[in-house]
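For reference, the chains in residue letters:
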Amino acid sequence: YIPYGVLYHTPITELIHMVTLDKTGKKSFGICIVRGEVKDSPNTKTTGIFIKGIVPDSPAHLCGRLKVGDRILSLNGKDVRHSTEQAVIDLIKEADFKIDLEIQTYDKSDDQQQQGKGDQRSNGYMQAKNKFNQDQMTNNNAGGGQGMGMGQGMNQGQGMGGMNRQQTMQKRNTTFTASMRQKYSNYADEDDEDTRDMTGRIRTEAGYEIDRASAGNCKLNKMEKDRDKEQDDEFGYTMAKINKRYNMMKDLRRVVVQRDPSKPLGIALAGHKDRQKMACFVAGVDPNGVFASADFKPGDEIVEVNGNVLKNRCHLNASAVFKNVDGDKLVLITSRRKPNDEGMCVKPIKKFPTSSDETKFLFDQFPKARTVQVRKDGFLGIMVIYGKHAEVGNGIFISDLREGSNAELAGVKVGDMLLAVNQDVTLESNYDDATGLLKRAEGNVTMILLTLKSEEAIKADKEAEEKKKEGEYCFRQQVALTPYSFQPAEAKKEEEKPATAEIKPNKKILIELKVEKKPLGVIVCGGKNNHVKTGCVITHVYPEGAVAADNRLKIFDHICDVNGVPTHVGAMTTLKVHQLFHTTYDKTVTLTVFRADPPELEKFNVDFMKKSGKELGLSLSPNERGCTIADVIQGQYPEIDNKLQRGDIITKFNGDSLEGLTFQVCYALFKGANGKISMEVTRPKPTLRTEAPK
């Protein structure tokens, strides 16, 4: 008998040569290795790392210089004769696209090659498993032991020398001819080794665009296809494809939910605990959100959504993917981990903030506004324009309706002002922003509309108002003849004081601004979801606005009330505070102002690394104090997203003061900077001067 897993050799010649493998454009180098030993004689043996298999059409196969049974002496100059199998695998993984191998080939003597045509070390394919030539396999008697190839010896493994078995040998044809390749080409094409390019995106049979690396694009071999009875969904998913693509992950699940456009998703995402790894974990599920009833719980790792691969991506990028996914249907692939598994960087979130309706203030500001729901079946059937109306000023208006469309049937009218789309307010939106919201909206679209008076009706109202004023003027002339004629004049004088009142430090002053439907032209900060929660403060004055024309208000003035209504920002969202100063007022607006001396401020620094070619994501408005942030584009730099907000003033940039600089100079400073960036930021910190509403 021959010990199982140990091989005796006939006289051999050792050939040592160098082989370089390049896997550019391929998924792997295409070699399978094992640590084993070969007995050259009863008294001597050779141990090391041997090639036990070569993948068809791989770099190892195409080079033509490797065979099953070859011994690897060194890899990229490092001696691996005494290394473990895992250590060599790690070296290969770390080697990028090229590896240099020092190979020891055991070449049989001519005599042996004449007798041992059944050598199983044919280049290109591992013959030990007899994948291709089963019909040529025959049984030999016990005397044929010398024809046993090294490939089979390697496959038997190590450490089983104590087992005895019958000396049974199998003789195989070792030459893989072109005719054999053609006969078995289908099997080779559908091998587990998928060497296709996985970058970019493709379309599924249903017309949906997915990543090439998605499970929906996973290739199954013939046997797997026969076993997989499931029909591909619109993203190409089947559980067989999912399990094959992510075969190293635990408890894979496919989660399908229908998304309500007017309802938030209600999930919190978190990254990996190990800073060197990127992953997207479910940190919490809002019981009032879309995923509340789905098979979804904290700790699950999201690897795909609608064909978009999230595995090995930052959870911040995943948030953007969720926002940009089209359609009512969400299909996610998740991996459920055990509680003690390494993974999420935060503890599960159990409490979610109560959802607030950001459009509620529209009905306070426009009592005649109405809500309309329109089913979007490919299109809404409306056209919009950016225009101006005498009654409300600038805004987005319905300019045309498709006859018989869902919008027309729902009661939308030409001339209606569009105030909101779902939860997004469009009062300050430009044409591109508004059309973008309408295009992205899916399913039942909720719009808030305001029907306005026609130009003719407004003209008639003005004429009636003028006639009424003429009647009042005649009445006042009569009153002026009475002994009390000076009393109304004094009252009138008192009323005119706010229009010219001077703002004094550390004192509340009531002022009146003449606006005549002109924008106020200020940037303010404050709100319950804002970093400034104790008051509404001006941080920039645009030179074209009504405030600049009045020339009394300054940066850091605290606005305590607008038209007699206290601005208690602790009970108002940031959006609602901004709306107070972006509403177009008819003639005048009254403000109660407090100018603190010295100004109530806080200063802090923001430091981060700016990448070349990547924008900061800040829209700036220079003034005498520095550069006020007019808008923040989320997703550029986490340090900016987490610390800065609209209304903050950048006073220093990399040590250079920005006070009084022009826009061109500031733009050049911000645009040309790379590497480490340090910004000094000034933010109002006013004292609370308004009482909470009862």
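What comes next concerns the included structure. (Residues numbered from 1 in each chain as written. Predicted model: local features only at pLDDT ≥ 70, side-chain atom pairs only at ≥ 80, totals over all residues. Heavy atoms only, no water.)

Glancing now at the overall build of the protein. Check the secondary structure of the protein and you find 18 helices and 34 strands. Here the protein holds 694 residues, and the buried ones make up 43% of them. Restricting to contacts in the protein with at least 6 residues of sequence separation, those with at least 24 account for 69%. On the protein, roughly 38,500 Å² of surface is accessible, and the fraction owed to carbon and sulfur atoms is 49%. (Helix = DSSP H or I, 4+ residues; strand = E, 2+ residues; numbered from the N terminus. Buried < 20%, exposed > 50% of the residue type's maximum accessible area, 1.4 Å probe, protein only. Contact = heavy atoms within 4.5 Å. Areas by Shrake-Rupley, 256 points an atom, 1.4 Å probe, with all protein chains shown as cover.)

This next bit is on unusual backbone geometry. Glycine aside, a negative phi is what most residues show, and trans is what most peptide bonds show. That bond from Asp597 to Pro598 is cis: its omega, 5°, falls within 30 degrees of zero. Mapped onto the secondary structure, Pro598 falls in the loop between strand E28 (588-594) and strand E29 (601-610). Phi is positive for Asn76, which is not a glycine, with a value near 55°. Take Asn76: it is sitting in the loop between strand E4 (71-75) and strand E5 (78-79). You can call Asn76 partly exposed: its relative accessible area is 39%. Even without being glycine, Glu516 reaches a positive phi, approximately 50°. By secondary structure assignment, the location of Glu516 is in the loop between strand E23 (508-514) and strand E24 (522-525). What makes Glu516 partly exposed here is its relative accessible area of 47%.

Under the counting rule described, the total for this entry stands at 22 salt bridges. In this structure, the salt-bridge partner of Glu37 is Lys45, at a minimum N-O distance of 3.5 Å. Note that Glu600 is salt-bridged to Arg689, the shortest N-O span being 2.9 Å. Linking Glu600 in the loop between E28 and E29 with Arg689 in the segment after strand E34 (675-684), this pair joins segments that are 89 residues apart in sequence. Judged by its relative accessible area of 17%, Arg689 is buried. Among the charged side chains, a salt-bridge network with shared partners connects Asp251, Arg253, Asp295, Asp300 and Arg336. (Salt bridge = Lys/Arg side-chain N within 4 Å of Asp/Glu carboxyl O.)

Formed by 24 residues in total, the largest nonpolar core has its most connected members in Ile511, Leu513, Leu553 and Leu591. Contributions of two or more residues to this core are made by E23, E24, strand E25 (536-541), helix H15 (546-550), strand E26 (558-562), helix H16 (574-582) and E28. The residues contacting Leu553, other than those within four sequence positions of it, are Ile503, Ile511, Leu513, Ile538, Val547, Ile559, Leu591, Val593 and Arg595. Core analysis: the next-biggest nonpolar cluster, separate from the first, contains 21 residues, Phe604, Ile640, Leu644 and Val681 among them. (Core = buried A, V, L, I, M, F, W, Y, C linked by side-chain atoms within 4.5 Å.)

Pairing geometry for strand E18 (residues 382-389) and strand E19 (residues 393-401), over eight bridges, is antiparallel. Bridge assignment links Tyr386 to a residue of E19, and that residue is Ile396. Hairpin connection from E18 to E19: three residues lie between these consecutive antiparallel strands. With two bridges connecting them, E19 and strand E20 (residues 417-421) associate as antiparallel partners. Following the sheet pairing, Ile396 is matched in E20 by Leu418. (Pairing = 2+ DSSP bridges.)

Here the focus is the side chain of Ser83. By the element assignment, Ser83 lies in the loop between E5 and helix H2 (85-94). Apart from the residues within four sequence positions on either side, Ser83 is in contact with Arg35, Ile49 and Val88.

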